[in-house]
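# Coordinates in review
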Amino acid sequence: MITLYVPCDSAALAAGADDVVDALHAHAQAHGVAIDIQRNSSRGLFWLEPLVEVLTPQGRMAYGPVSPEDVPGLFEAGFLNGGAHALSLGLTDQIPYLAKQQRLTFARMGITRPLSLDDYAAHGGWVGLKNAVAMDAAAVVQQVLDSGLRGRGGAAFPAGIKWRTVLGTTSAQKYVVCNADEGDSGTFSDRMTMEGDPYMLIEGMTIAGLAVGANLGYIYIRSEYPHAIATMNTAITLAESAGYLGDNVLGSGQAFRLEVRKAAGAYVCGEETAMLESIEGKRGIVRAKPPLPALEGLFGQPTVINNVITLASVPIIMAKGAAFYKDFGMGRSTGTLPFQITGNVLQGGLVERAFGLSLRELLFDFGGGSRSGRPIKAVQVGGPLGAYVPESQWDVPLDYEAYAAMGAVVGHGGIVVHDDTANMASLARYAMEFCALESCGKCTPCRIGSTRGMETIDRIGTAANKEQQVHLLRDLCDTMLHGSLCAMGGMTPYPVLSALNHYPADFGLEAKPVSSV
Amino acid sequence: MNKPLAAPELLLVSQLLPSFQAQPGGLLPLLHAVQDALGFIPANAVPLIAEGMNLSRAEVHGVMTYYHFFRSTPPGQHVVQVCRAEACRSCGSEELWAQAQSLLGCGAHETSADGQFSLEPVYCLGLCASSPAVQIDDKLHVRMNEAKFKTVLAKLGSAA
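Residues numbered from 1 in each chain as written. Chains lettered and ligands numbered in written order. Predicted model: local features only at pLDDT ≥ 70, side-chain atom pairs only at ≥ 80, totals over all residues.

## Examining the overall build of chain B
Our working rule: By the criteria applied, helices consist of DSSP H or I runs no shorter than four residues and strands consist of E runs no shorter than two, each listed in order from the N terminus. The contact criterion used is a C-beta to C-beta distance within 7 Å, with each C-beta placed from the backbone.
Assigned secondary structure in chain B consists of seven helices and five strands. Of the regular secondary structure in chain B, the N- to C-terminal order runs α-α-α-α-β-α-α-β-β-β-β-α. In terms of its C-alpha atoms, chain B occupies a principal-axis envelope of roughly 50 × 30 × 20 Å. Residue pairs in contact within chain B that sit at least 24 positions apart in sequence constitute 60% of those at least 6 positions apart.

This is the structure we're talking about:
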């Protein structure tokens, strides 16, 4: 019996993984070969999906991207024994794209079967939770503080400080809420985590629950991720029957339960207070702060809110210690970030590396340049509210502070590549259009400003008084930046102004010395 | 605009209600359950939902219409979602979007005249490394191009 692995991640399914599995089974059966196909998570090398791996005495050998038509040829080439074929990639671990990574959070990705409790435990799972159970709550919070872990969702607020605030409250009911409303274009690390390593998120949330004294957690998952919702729901049930969740977590005497809440397609619900409103069954309208959610959050109770990758980073911190984690990264950006290289790029995928590498390394050493073969013109970093980064800035280290200093954001680590056919004025207009579409409507700069922004960008293209229109647009962006209630309106100017500053020709303007955002 | 709610559908909504009445913040899960069962949330179900959840009709209507995911009219036989966010734009999603509108003869949030296809824009399916992405019913498609899109739609159209 030879073991094969074909991922069940939705990006692999979309590339036809199920058809490949059917073709492998059919061919093996017809030729009397015994094979066992395991559905693992994805390695995150998406240009190679569907990636088929064969377990050999030397290790896992990879072939990809495999289509059903390739299957007979693979058998003829003796791929079950690691035979050479045009699609051969050698030992999976030695594929340079993977070998050059520092996978801490994504260590199991592509290796284990998502819902297998045995696989999870065999690959370092639950160690962090067991350590946490043996410590007192304040010590767990101290570990997270010491690790320097900052919110991976965008705002980069130190996770330990939120936890300490919630721990310090005396309320009888506290909550842990996982923000899995990953709506930024160019990001999929949350989706991969939930579909590929759901117990890691469960473990991280349970540690958070024990640490702050919360007995209930919600995972708010976007409706666009049905596979993630299904996997998380099953994983919660299985983890509960195995004693990792429930009335008495691993014999700690503390209760912790989890519930998945399905979002309904509002981008702004990725903002933490809008998300709380949504979980409460209301329209996802942003709340004014204070009060901080850590003091008065979900249903008015103290609430830890972190995003998926933040919570998923906690198990390894608790397993290996704060010092281990803090050794990665630079300055105040400690640890690793799963960067996601997307858009017009040859080798799109997930690259987990310590903070401090450059965009140029990601674009060329990993990404292999544009998919179209044309020069890369602009790179949007940090989602739809992130700045467009021009080539002159591609050597700046990816670090929260370094990016902030140039008026950009690292955000959720999403990187969208555009080649030289992209029109930056039209992408700037799209940023305003998206804001108009998704604004919750509570504050005026965002609700009205986004529509006025679209109109003004249109007029820059057509009006005779271009310079005056540009002045108006900058003025409007200033109002949105400083007057909006949340990042939706407050950061939409980032892509708009960076496009305007770095690519004036696309707006029909003469190049001028670049002013910062 | 909405077709009247037939009695069996009304019954279904009232049967769903008890599971959500005690749930904190149960309105969204209830609306999801109704839409999962019926394909949409009929306007005439609003009073029933409001009464069952101890909310005003305005609150229920407000929530239903706030979220892009909830629909108040029945969808076509197939729902075509084209991602129009940045990573897909960088690889030609706007051309796919224009193609979908002309092939189906309808615009965003509309249904083709033969009732077969509803067209929806979507802002990110999380498949950004293999863009452009399209979802048709439950099936995801990546690295979509105009020729492939046409074939997939034609196959579905003739099968119906």
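Still to come is the rest of the account.
## So, the overall build of chain A
Convention followed: What the globule rule says is 2.2 Å times the number of residues to the power 0.38, and the radius of gyration is computed from C-alpha atoms. For the exposure call, what matters is how many other C-beta atoms sit within 10 Å of a residue's own: 20 or more marks it buried, 12 or fewer exposed, and in between partly exposed, using C-beta atoms placed from the backbone.
Along the backbone of chain A there are 21 helices and 16 strands. Taking 517 residues into account, the globule formula puts the C-alpha radius of gyration at 24 Å, and chain A, at 24 Å, falls close to it. Along the longest, intermediate and shortest principal axes, the C-alpha atoms of chain A span 75 × 60 × 40 Å. Taken across its 517 residues, chain A has 56% of its residues classed as buried. Taking as baseline every contact in chain A between residues at least 6 positions apart, the subset at least 24 positions apart corresponds to 72%.

## Some thoughts on the domain arrangement of chain B
Quick reminder of the rule: By convention here, the domain bounds are inherited from an automatic or database domain assignment.
Domain assignment breaks chain B into domain 1 (7-66) and domain 2 (78-159). The straight-line distance from the C-alpha centre of domain 1 of chain B to that of domain 2 of chain B is 30 Å.

## Digging into the confidence of the model for chain B
Selection criterion: pLDDT gives the predictor's per-residue confidence on a scale running from 0 to 100.
Here chain B shows a mean pLDDT of 94. Residues at 70 or above account for 95%. Two summary scores accompany this predicted model of the complex, namely pTM at 0.96 and ipTM at 0.95.

## Considerations on the packing of helix 18 (residues 444-462) of chain A against helix 19 (residues 466-483) of chain A
Residue and element names in this part refer to chain A. The condition is simple: Axis geometry follows a simple rule: fit a line to the C-alpha atoms, using only the stretch in contact for helices, then measure angles between N-to-C directions, giving values from 0 to 180 degrees. By the definition adopted for this analysis, an angle is roughly parallel if under 35 degrees, roughly antiparallel if over 145, roughly perpendicular if from 65 to 115, and oblique otherwise. Note on convention: near helix rotated counterclockwise from far helix by under a right angle means a left-handed crossing. Clockwise means right-handed. Gly is placed with the polar residues, together with every amino acid not listed as nonpolar (Ala, Val, Leu, Ile, Met, Phe, Trp, Tyr, Cys and Pro) or charged (Asp, Glu, Lys and Arg).
Here helix 18 crosses helix 19 at 160°, and the two axes come no closer than 9 Å. Classed by the angle they form, the pair helix 18 and helix 19 counts as roughly antiparallel. Crossing of helix 18 over helix 19 shows left-handed handedness. Contact residues: P445, C446, G449, R452, G453, T456, I457, R459 and I460 in helix 18; K466, Q469, V470, L472, L473, L476, T479, M480 and G483 in helix 19. Counted by class, the contact of helix 18 with helix 19 contains nine nonpolar, six polar and three charged residues.

## Overview of the interface of chain A and chain B
Facing 44 residues of chain A, the contacting portion of chain B comprises 32 residues. Secondary structure elements with two or more residues in the side of chain A that touches chain B: helix 1 (10-14), helix 12 (272-279), strand 12 (336-343) and strand 16 (414-419) of chain A.

## Topic: the domain arrangement of chain A
Residue and element names in this part refer to chain A. When the domains of chain A are assigned, the result is domain 1 (2-97), domain 2 (117-326), domain 3 (329-419) and domain 4 (424-507). Put simply, the middle of domain 2 and the middle of domain 3, counted by C-alpha atoms, are 26 Å apart. Counting residues at the interface gives 19 residues for domain 2 and 20 residues for domain 3. Among the residues forming the side of domain 2 that touches domain 3, the class breakdown is six nonpolar, nine polar and four charged.

## Structural notes on helix 21 (residues 493-502) of chain A
Most of helix 21 of chain A is tucked away: nine of the 10 residues are buried. Structurally, helix 21 of chain A contributes buried residues whose contacts are with strand 14 (376-381), strand 15 (388-389), helix 17 (424-438), helix 18, helix 19 and helix 20 (487-491) of chain A.

## Notes on the sheet that holds strand 5 (residues 139-141) of chain B
All names here are of chain B. Basically, it comes down to this: The pairing criterion is simple: DSSP has to find at least two bridges between the two strands.
The five strands lie next to each other as 2-3-1-4-5, forming an open sheet whose pairing is mixed. Each having just a single partner strand, strand 2 (110-111) and strand 5 make up the two edges of the open sheet. By the bridge criterion, three bridges tie strand 1 (residues 78-83) to strand 4 (residues 134-136) in an arrangement that is antiparallel. Bridge assignment links V82 to a residue of strand 4, and that residue is V134. Sheet contacts for helix 6 (residues 93-104): strand 1, strand 3 (117-122) and strand 4; angle to strand 1, the most-contacted strand, approximately 155°.

## Considerations on the packing of helix 7 (residues 137-147) of chain A against helix 13 (residues 308-320) of chain A
All names here are of chain A. Contact pair helix 7 / helix 13: the axes reach a minimum separation of 10 Å and the direction vectors enclose 105°. With respect to each other, helix 7 and helix 13 are oriented roughly perpendicular. Each of V140, Q143, V144 and S147 in helix 7 lies in contact with helix 13, whose residues at this interface are V314, I317 and M318. Across the contact of helix 7 with helix 13, the residue classes break down as five nonpolar, two polar and no charged.

## A short note on the nonpolar core
All names here are of chain A. The condition that has to hold: Here, a nonpolar core denotes buried Ala, Val, Leu, Ile, Met, Phe, Trp, Tyr and Cys residues that are linked to one another through C-beta atoms within 7 Å.
One finds I221 and V379 to be the most contacted residues of the largest nonpolar core, which totals 212 residues. Residue contributions to this core peak at 10 residues, all from helix 10 (residues 198-212). Apart from residues no more than four positions distant in its own chain, I221 is found in contact with A180, M194, A228, I229, M232, V260, K262 and A263.

## Details of the environment of A288 of chain A
All names here are of chain A. Positionally, A288 belongs in the loop between helix 12 and strand 9 (303-307). Residue classification places A288 among the exposed residues on the basis of 10 C-beta atoms within 10 Å. Along the sequence, A288 and Q254 sit 34 residues apart, while their C-alpha atoms lie 33 Å from each other.

## Quick notes on helix 4 (residues 57-66) of chain B
Of the positions making up helix 4 of chain B, those classed as buried are V60, V63, M64 and Y66 of chain B. The secondary structure elements touched by the buried residues of helix 4 of chain B are helix 2 (27-38) and helix 3 (46-52) of chain B.

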